[in-house]
Amino acid sequence: MSDTADTYPTERRREPPPPQHYALTVLSGPALGKKIRLGESRLVVGRDRSADITIEDQHVSRRHVELEVLPGAQGIIVHDLGSKNGTYVRNCRIIDAFVEEHALVTLGEDTVIELALEDAQVTGYTRDRLSDLVDPRLRATSRDEGRSRPPRIDQSPTVAVRVKLDDDD
């Protein structure tokens, strides 16, 4: 055996990916164009000056929704804070919803916010003939093209669960 050390090809060190961050962008409503970078925390969005993100819209509650940005850009939990006019994700009124890379969230009647990773290359969002923002992935499943805004629901949202019963035949 020789006294020289075994030589191995040098391994490339894998650099950790740069940290990803979410951004909130207002796409419609009185705060149109407002863009905020979101850190890993809980943020309250609403009309009140004490909210972390203030949106001056009469249809947005004082404390409308809470956004919990999960560590490592794993997603965002959207939690409605009992708003009068509701919070909608994919045109469904929600109490709590988990969103990942990209989501359009409607607050009340007029304000649409986009929650997306800053480096996400999501394109193709257009306005339909009624000027609503439309996600092209949802257009094919939309059955109610004639409605210009989400339905107003006066009662508390409910969740329906389909239960399969065993046949006794």
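Just above, that's the structure.
1. Some words on the sheet that holds strand E6 (residues 76-80)
Reasoning step 1: One open sheet accounts for five strands, arranged E4-E3-E5-E6-E9; its pairing is mixed. Each end of this open sheet is capped by a strand with a single partner; those strands are strand E4 (53-54) and strand E9 (96-99).
Reasoning step 2: Inspection of the sheet shows strand E3 (residues 42-46) paired to strand E5 (residues 65-69) by four bridges, in the antiparallel sense. Considered in E5, the bridge of Val-45 is made with Val-65.

2. Quick word on the nonpolar core
Nonpolar side chains tend to gather and get buried jointly when the protein is soluble and globular.
Reasoning step 1: Judged by nonpolar contacts, the single largest core of 26 residues is most densely connected at Leu-24, Leu-38, Ile-76, Val-78 and Leu-115.
Reasoning step 2: When residues of this core are traced back to their parent elements, those giving at least two are strand E1 (22-28), E3, E5, E6, E9, strand E10 (102-107) and strand E11 (111-117).
Reasoning step 3: Beyond its immediate chain neighbours, meaning those up to four positions away, Leu-38 contacts His-21, Tyr-22, Ala-23, Leu-24, Leu-43, Ile-53, Val-69, Ile-76 and Leu-115.

What counts and what doesn't
Residues numbered from 1 in each chain as written. Predicted model: local features only at pLDDT ≥ 70, side-chain atom pairs only at ≥ 80, totals over all residues. Heavy atoms only, no water. Pairing = 2+ DSSP bridges. Helix = DSSP H or I, 4+ residues; strand = E, 2+ residues; numbered from the N terminus. Core = buried A, V, L, I, M, F, W, Y, C linked by side-chain atoms within 4.5 Å. Buried < 20%, exposed > 50% of the residue type's maximum accessible area, 1.4 Å probe, protein only. Contact = heavy atoms within 4.5 Å.

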